[in-house]
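Residues per chain are reported as follows:
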Amino acid sequence: MKKHVLLSAIFILGSLAFAQNPVIQTCFTTDPAPMVHDDTLYVYTGHDEDNADFFWMQEWRVYSTKDMVNYTDHGSPLALEDFSWADDRAWASQCIYRNGKFYWYICAHSKISHGMAIGVAVSDNPTSGFKDALGKPLFENGSWDHIDPTVFIDDDNQAWLMWGNPRVYYLKLNEDMISYSGTVGQLKMDEKAFGAPVESERDKNKKYKDSYVEGPWLTKRNGKYQLLYAAGGVPEHIAYSVSNNITDGWNYAGEIMPLSNTNSFTNHCGVVDFMGHSYFFYHTGKLPKGGGFGRSVAVEEFTYNKDGSFPKIMPTDEGVKPIANFNPYQKVQAETMAFSSGIKTRQNKKEGVYVSDIHDGDYIKIQSVDFDLASSRKFIVSAASGLRGGKIEVRIDSPKGRRFAELKINGTGGWECFEEFSTSFFGKPDGVHDLYLIFTGRKGPELFNLDCWELRAE
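Report on the accompanying structure. (Residues numbered from 1 in each chain as written. Predicted model: local features only at pLDDT ≥ 70, side-chain atom pairs only at ≥ 80, totals over all residues. Heavy atoms only, no water.)

Some thoughts on the overall build of the protein
Thinking step 1. The helix and strand tally for the protein stands at two helices and 33 strands.
Thinking step 2. For a compact globule of 458 residues, the expected C-alpha radius of gyration is about 23 Å, and the protein comes in at 23 Å, within 12% of that figure.
Thinking step 3. In terms of principal-axis extent, the alpha carbons of the protein reach across some 70 × 45 × 45 Å.
Thinking step 4. Across the 458 residues of the protein, 60% fall into the buried class.
Thinking step 5. Pairs at least 24 residues apart make up 59% of the contacts formed inside the protein by residues separated by at least 6 positions.
Thinking step 6. Here the protein has roughly 18,600 Å² of accessible surface; of this, 47% comes from carbon and sulfur atoms.
Thinking step 7. Measuring between centres, the 47 positive side-chain charges of the protein sit 4 Å from its 59 negative side-chain charges. (Helix = DSSP H or I, 4+ residues; strand = E, 2+ residues; numbered from the N terminus. Rg over C-alpha atoms; globule rule 2.2 N^0.38 Å. Buried < 20%, exposed > 50% of the residue type's maximum accessible area, 1.4 Å probe, protein only. Contact = heavy atoms within 4.5 Å. Areas by Shrake-Rupley, 256 points an atom, 1.4 Å probe, with all protein chains shown as cover. Lys, Arg positive; Asp, Glu negative; His and termini not counted. Charge placed at Lys NZ, Arg CZ, Asp CG, Glu CD.)

Shown next, in the form of structure tokens:
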């Protein structure tokens, strides 16, 4: 069975079971860092390369959603090449907004110190235009400890940066967010704070209840600081500690996501409140060919305990429910989707991100589409094909559901020579349905690329 046919079969089975996790299927995504700005939730991720045998990561990516199920792929606005001092290991990151700018804190291997280093990029836009703010690391000293930065702005507007494996380091950031005051501090890594001291200080004859590993996420709830982190060694689970003070007084508070069947020996989390809901982001290895070096972002909704503490959160394939319906009567970027089978995305300077690697049997699913917002009469797409093209079927509710349109895509003379194609609907869907774009054509070769689509009244 050919690769794309096998992937299609696996994804169709998952879709029929209403699976929404992992939330991105077009590539491997790691170390999710959610951020809310205005009415949109952004997720900043790493990217595991296909067929990797280590964490050979080259870039960071951004996705956004307004309804928690349909995500738009904004591609890779930041990569190792954007940092003249970095040469390898584009590991975990986090972005934050302040004073009209977005500050993206990353870690990477440094050419200067030959250890891991913390850097920062800045932009006026949450999805593009990021530039290295300093032309050098924000912090490095040759150690390999300096990974996985988390950034937090306190109620008094003081910004803090934390990171580290196997210890937790912190910096007090200045208001410009690209410099700091004082020296780098370290949290006290003892049993009281994290369930165990660092490995070099442990009693080999004692069984500890837990231990900090990496991937800190700093937040605050009901006036109490919460530090979430990957814990326990390999494989990792997610635990947290709490304190009344950022720099000391931490107390181990328990597990949040216990060990479970995620098919990944690492985990990395981020939490966020959005539109009155609380969400826990993490990663798994559950995509086809996924695993410890092929991880994918997933999300669960949860409710805090009355005292602000975390409940136990277990990974699911179902994921979360939509918090709004999707409007198809507008220009929709093809890289906006709830689930997909077989496809990938690419980007260029003119079109930005577009859907690629489309083969016979692949599909895109858009969840919770509201057809009552207008009358559907015409289906319009922008597509490109360097060969003979193919067809797009518009169906609702499932890949085999009722068909409302079939559109022929002809060859356009090149894979980035996009042209407009359109066709009329056979009828009008009523109410709210999942919409499927089913791709068909010659079995084997790529059919076409897809940039955008819309429904329009004739």
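Description of the packing of aromatic side chains
How two aromatic rings sit relative to each other is given by the distance of their centres and the angle of their planes.
Thinking step 1. A complete count under the given rule lists 30 aromatic pairs for this structure.
Thinking step 2. Their ring planes at 10° and their centres at 6.0 Å tell us that Trp 163 and Tyr 169 sit as a pair that is stacked. Per residue, the accessibility class of Trp 163 equals that of Tyr 169, and both read buried.
Thinking step 3. Ring pairing ties together the aromatic residues Phe 54, Phe 55, Trp 56, Trp 91, Phe 265 and Phe 293, which thus form one cluster.
Thinking step 4. Over the aromatic face of Tyr 304 sits the side chain of Arg 221, whose NZ or CZ is 3.7 Å from the ring centroid. (Phe/Tyr/Trp six-rings, centres within 6.5 Å; stacked < 30°, edge-to-face > 60°. Lys NZ or Arg CZ within 6 Å of the ring centre and 35° of its normal.)

Concerning the sheet that holds strand β13 (residues 169–173)
Thinking step 1. Pairing in this open sheet of four strands is antiparallel, and the strands run β11-β12-β13-β14 from one edge to the other. Two strands in the sheet have a free side with no partner beyond their single neighbour: β11 (150–153) and β14 (180–186). With direction set aside, neighbouring strand axes in the sheet form an average angle of 20°.
Thinking step 2. Bridge count for strand β12 (residues 159–163) against β13 is five bridges, and the pairing is antiparallel. Following the sheet pairing, Trp 163 is matched in β13 by Tyr 169. (Pairing = 2+ DSSP bridges. Axes fitted to C-alpha atoms, helices over the stretch in contact; angles between N-to-C directions.)

Looking at the pairing of strand β3 (residues 59–65)
Thinking step 1. Most of β3 is tucked away: seven of the seven residues are buried.
Thinking step 2. Side chains Glu 59, Arg 61, Tyr 63 and Thr 65 project from β3 onto one buried face, and the interleaved Trp 60, Val 62 and Ser 64 project onto a second face that is buried too.
Thinking step 3. Here strand β2 (residues 40–46) runs beside β3; their pairing, made up of six bridges, is antiparallel. By the bridge assignment, Leu 41 is partnered in β3 with Thr 65.
Thinking step 4. Relative to strand β5 (residues 78–79), β3 is paired through two bridges, and the arrangement is antiparallel. Bridge pairing in β5 places Glu 59 opposite Ala 79.
Thinking step 5. By the bridge criterion, two bridges tie β3 to strand β4 (residues 71–73) in an arrangement that is antiparallel.

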